[in-house]
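A look at the structure
The lines below spell out each chain.
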There are 2 protein chains.
Amino acid sequence: MTKADETDAAPGPATAAWEPPARLRSLPSRMIAHAAMHAERLVNEELAGAGARKWHYAALVALQDKGPASQSELSGRTGIYRSDMVAVVNELAAAGHVERAPDPADRRRNVISLTARGRRHLERLDGLVAAAQEELLAPLGPGEREQLSGLLARLLDHHAARPQGRRPAAGRGPAT
Amino acid sequence: MTKADETDAAPGPATAAWEPPARLRSLPSRMIAHAAMHAERLVNEELAGAGARKWHYAALVALQDKGPASQSELSGRTGIYRSDMVAVVNELAAAGHVERAPDPADRRRNVISLTARGRRHLERLDGLVAAAQEELLAPLGPGEREQLSGLLARLLDHHAARPQGRRPAAGRGPAT
DNA sequence: GATGAACGTTAGCGCCACTACCGAAGCTAC
DNA sequence: GTAGCTTCGGTAGTGGCGCTAACGTTCATC
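Residues numbered from 1 in each chain as written. Chains lettered and ligands numbered in written order. Predicted model: local features only at pLDDT ≥ 70, side-chain atom pairs only at ≥ 80, totals over all residues.

A few points about the relation of the copies chain B and chain A
Quick reminder of the rule: Superposition of the copies was done by least squares, using only C-alpha atoms of residues whose pLDDT is at least 70 in both. The contact criterion used here is simple: two residues whose C-beta atoms, placed from the backbone, lie within 7 Å are in contact.
Superposing chain B onto chain A requires a rotation of 180 degrees together with a translation of 0.0 Å along the rotation axis, leaving an RMSD of 0.1 Å. Here the transformation between the copies is reduced to the relation of a two-fold axis. Most of the interface of chain B is mirrored in chain A: 100% of its interface residues are interface residues there too.

Here it is in structure tokens:
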């Protein structure tokens, strides 16, 4: 048997020693982290087909749903740090999905606004992201999906209120 | 108003433009990623008190629950990549929590085993990790925690079976 | 008109998942 | 028994991402 047990379905006692112990497998923080990895992988794979990353999607959605904004405002909407927002806007602007114009009312600011092309692009990304969600949640029924969302929302609400004193930092949470 | 609306509780229309749109906030992949960030932060903060990281914890648990193992076997149990396992074992060995001995039966292998000191250390880490889980799940009742765990387990089972063709890679999933 | 804050920007750190490659040692097939 | 595969420990490096620090410009306030 040179290369058997490659697609072997029967887990012998030799395989057991390679599996994670139940104590790790059932650890909530670990399960969540693991699920997050799958989620990110799926989203990234989908978006990669359109040459986009989750940051781009988040920024475009934030612009479409709440209108033009300065970069730091966008930062607040998306959870992307101001420092990283620079690159995101650069890339989106280079692709023509977004326009960066100086704010006449406040010359420190740039006003970022969605272009027609960006809107079209976002439509496509929406489909890809939705597909990723579908893949991610595939094993769950509609009711279960809502349960999961509800529980996670409770967690996030709780921890969003927590953080010790840091309110105006502009940059909380992941991009997608 | 130089620095008002800093700890302002009343969200005026100015604040709304800074909040993430519902479309992003309710995106399952994003919620999971966000929750994972909180989870990792909590676990890291707890473990930092003992000078440990989640990798160390995962490795120690894997050793305690399934006995001594080679490094690549440990890799399989914990989800830590073989390449990264080197450093983890180095650190654990330097702290005296683990012993690395050449395997007489197979001179390519090192047998890693838990020391008494490592067992004691792990006891402490267990408490810290448990505390982190408690903080993480604080807003949820016992029934809800089981719901969440169950749903996540379903997700993970589904996606663990998926990955296209890559079975023996030894290094799936996060460390904690 | 000086002080201090906000904005965009650059640079860099640290963690972590992941890849590629290496030499040594073991196993299998001929 | 030896040639050719794999496995193991190990080194190095990449890239994404969350996060901090600092700087010059511009604005707001006293």
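What to know about the protein's contact with DNA strand C
Counted only if it meets this: We call a residue near a molecule or strand when its C-beta atom, built from the backbone, sits within 6 Å of it. Numbering goes from the N terminus for both helices and strands, where a helix is a DSSP run of H or I of at least four residues and a strand is a run of E of at least two. All amino acids are sorted into three groups, where Ala, Val, Leu, Ile, Met, Phe, Trp, Tyr, Cys and Pro are nonpolar, Asp, Glu, Lys and Arg are charged, and the leftover types, Gly among them, are polar.
In the vicinity of DNA strand C lie 25 residues, with Gln71(A), Ser72(A), Ser83(A), Ser83(B) and Arg107(B) positioned nearest. Elements with a minimum of two residues in the surface near DNA strand C: helix 5 (71-78) and helix 6 (82-94) of chain A together with helix 4 (54-66) and helix 6 (82-94) of chain B. In terms of residue class, the surface near DNA strand C is made up of seven nonpolar, eight polar and ten charged.

Let's talk about the interface of chain B and chain A
Facing 60 residues of chain B, the contacting portion of chain A comprises 60 residues. At the level of elements, helix 2 (22-25), helix 3 (28-48), helix 4, helix 5 (71-78), helix 7 (116-136) and helix 8 (142-161) of chain B are the ones that each hand at least two residues to the side of chain B that touches chain A. Ranked by residue count, the leading element in the side of chain B that touches chain A is helix 3 of chain B, at 14 residues. Tallied by class, the residues present in the side of chain B that touches chain A amount to 33 nonpolar, 15 polar and twelve charged.

Considering the UniProt feature "domain: HTH marR-type" (unreviewed entry) in chain A
Inclusion rule: UniProt positions are given in the numbering used here, feature names are shortened, and annotations may be inferred rather than shown by experiment.
Those residues carrying the UniProt feature "domain: HTH marR-type" (unreviewed entry) are residues 25-157 of chain A in this numbering. Across residues 25-157 of chain A one finds 70% helix and 8% strand; the C-alpha atoms that close the span lie 26 Å apart.

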